[in-house]
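Remarks on the overall topology
Chain by chain, the residues:
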Amino acid sequence: MIWNEEAECMSPDERSDLQLERLQKVVKQAYENVPYYRKRFDDLGIKPDDIQKLEDIEKLPFTTKDDLREAYPFGMFAVPQRKIVEVHTSSGTTGKPTVSGYTRKDLEVWSEVMARGLTMFGLTEDDIIQNTHGYGLFTGGFGVHYGAQNIGATVIPISTGQTKRQIEIMKDFGTTVLIFTPSYGLYLAEVAEEEGVDTKKLNLKSIGFGAEMWTGEMREEIERRFNAPAYNIYGLTEIMGPGVALECEEQNGLHVMEDYFYPEIINSETDETLPEGERGEMVLTTLTREGTPLIRFRTKDITALRRDKCGCGRTLAKMDRITGRADDMLKVKGVALFPSQIEKALLKMDEVEPHYQIIVTRPHHLDELEVQVETSPKLFSDEVKELVAIRKKIEDYIHNEIGIRVNVTLVEPKTIPRSEGKAVRVIDKRKFDDKED
Ligand code: DLL
């Protein structure tokens, strides 16, 4: 089934016309109503009228997460605040988050794109969908909720956590569609097994999962454990939340909701736009967003776009699943963090050297973060009692900085490998790129 055949199966020419019309409008709105865009455009000598064809988008400046942080909290709103009916923020726990503001119409678009995606997963009004995404400032909970209700399915807004209860409800309510982040899904399966519940025998017909990177192996494991196909959901707070792109039954790339979000792939070093099929950084422009319209937002997510015919009949371009980042952002337990935040915490302490390495693993399907820190030579000869106290102190400092608890290991002075160029700060053992392994 296709939720909105007219929009999803439109001819490429018709769609380009629609995109251009919407692009011209959104650029004008941003220029007229967001001082940040007016200044950027004026500095570059660009006027909204310069957009005469879709390729003219390349004349426009990029918007970055830092630009949004500077406009914190409401500086990017293109409408008066009374027109904003909901806000969400990015998941970073410290520093200023980025704020996304939604008008009533923006929420309608959100529920439309999510309804399209959930229909791809087979959701109908006869289904019972259990949404384990967090409801709150995180966009996962509400995005899925709006889309599922638009379809008319029965939503169980259980949110994250309470894992045993999730399993009980799944069984008792006869959940048919389950939504989770891949790591939480695998954890859920593990707990179910411990509880003696056979997840293969549940009533599930499909699964939607996203919000973080995963491997082909992880998908196989999820599908095997729950005995249901699992479909990828991509999105980001700044643009909308989940619903920017979703996977159809072909399970081979995600259809980008191009009539609402204009995708480009660029070389993140040279900023050049790349042709179809080449891997690079995804840049997105919101085509109808009223609350916080964004022009050429640099997602830092690495992917490629493809326009070959899809067996499902949709003509929306497809993006490959995300397998890397153009920066060193890590998503650990669903929280975005940068190694620099850990460094900042370490620099506050006299007892340790600023030589550290972050090791991310996923031992029981849940992320674990270990920070190895070199002690100073003096400290290393101290008593164990002292070392334990220091370790606790570092853990507290880091917790304070990034909002999640990590395991700190103190290592001997000069044992963390030095590098000639960029230091290798992060060793991510979760391995997301099957192709490169
Ligand atoms: O994670 C939105 C979302 C919620 C997507 C629920 C899917 C399901 P943020 O917290 O702002 O928003 O994080 C956005 O997460 O730039 C990617 O790096 C990463 N990400 C999101 N979806 C995927 C995915 C939500 N399917 C950032 N695969 C993005 C890989 C993903 N990475």
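Read on for a plain summary of the structure. On a predicted model such as this, the values are computed, not experimentally measured, just so you know.

1. What about the nonpolar core?
Ranked by internal contacts, the top residues of the largest apolar core, which has 70 residues, are Tyr 37, Leu 118, Ile 129, Tyr 234, Ile 239, Phe 261 and Met 319. Broken down by element, this core gets its largest block of residues, eight residues, from helix 5 (residues 104-120). Among all residues touching Tyr 234, those that are not within four sequence positions of it are Gly 241, Pro 242, Gly 243, Val 244, Ala 245, Leu 254, Met 282, Leu 284, Thr 299, Asp 301, Met 319 and Ile 322. Listed in part, the 25 residues of the second largest apolar core include Leu 346, Leu 369, Leu 379 and Ile 394.

2. Thoughts on the sheet that holds strand 14 (residues 318-319)
One open sheet accounts for nine strands, arranged 4-3-5-6-7-8-9-14-13; its pairing is mixed. Of all the strands in the sheet, just strand 4 (154-156) and strand 13 (305-306) have a single pairing partner and so form its edges. Taken together, the three bridges between strand 3 (residues 128-131) and strand 4 define a ladder with parallel strand orientation. Note on strand 4: the bridge partner recorded for Ile 128 is Thr 154. Lying on the sheet, helix 8 (residues 182-194) is in contact with strand 5 (177-180) and strand 6 (206-210); it crosses strand 5 at an angle near 120 degrees.

3. Some remarks on the site of the ligand
Lining the immediate surroundings of the ligand are 20 residues, of which Asn 232, Ile 233, Thr 237, Asp 301 and Lys 331 lie closest. In this structure, a nitrogen atom belonging to the ligand sits 3.1 Å away from a main-chain N or O atom of Ala 211. The side chain of Asp 301 places a nitrogen or oxygen atom 2.6 Å from an oxygen atom of the ligand. For the shell around the ligand, the element with the most residues is strand 7 (residues 230-236), which contributes five residues.

4. As for the packing of helix 10 (residues 339-347) against helix 12 (residues 384-402)
Packed helix pairs are specified by the crossing angle of their axes together with the interaxial distance, meaning the distance between the axes. Running from amino to carboxyl end, helix 10 crosses helix 12 at an angle of 135 degrees, the nearest separation of the two axes being 9 Å. With respect to helix 12, the element helix 10 is oriented oblique. As for how helix 10 packs across helix 12, the hand of that crossing is right-handed. From helix 10, Gln 341, Ile 342, Lys 344, Ala 345 and Leu 346 reach across to helix 12, where they touch Ile 394, Tyr 397, Ile 398, Glu 401 and Ile 402.

5. Quick look at the pattern of salt bridges
Think of it this way: side chains of opposite charge can pair up when their charged atoms draw near. If you walk through the whole model with that rule in mind, you get 38 salt bridges. Between Arg 116 and Asp 259 there is a salt bridge whose closest N-O contact spans 2.8 Å. Separated by 143 residues along the polypeptide, Arg 116 in helix 5 and Asp 259 in the loop between strand 9 (254-256) and strand 10 (261-266) bring together distant segments of the chain. Since its relative accessible area comes to 0%, Arg 116 is described here as buried. On the accessibility criterion, Asp 259 (3% relative accessible area) is buried. Residues participating in the shared-partner salt-bridge network are Glu 212, Arg 362, Asp 367, Asp 428 and Arg 430.

About the cut-offs
Residues numbered from 1 in each chain as written. Predicted model: local features only at pLDDT ≥ 70, side-chain atom pairs only at ≥ 80, totals over all residues. Heavy atoms only, no water. Core = buried A, V, L, I, M, F, W, Y, C linked by side-chain atoms within 4.5 Å. Buried < 20%, exposed > 50% of the residue type's maximum accessible area, 1.4 Å probe, protein only. Helix = DSSP H or I, 4+ residues; strand = E, 2+ residues; numbered from the N terminus. Contact = heavy atoms within 4.5 Å. Pairing = 2+ DSSP bridges. Axes fitted to C-alpha atoms, helices over the stretch in contact; angles between N-to-C directions. Near = heavy atom within 4 Å. Polar contact = N/O pair within 3.5 Å; in protein donor to acceptor, adjacent residues only side chain to side chain. Parallel < 35°, antiparallel > 145°, perpendicular 65-115°, else oblique. Left-handed = near helix turned anticlockwise from the far one by under 90°. Salt bridge = Lys/Arg side-chain N within 4 Å of Asp/Glu carboxyl O.

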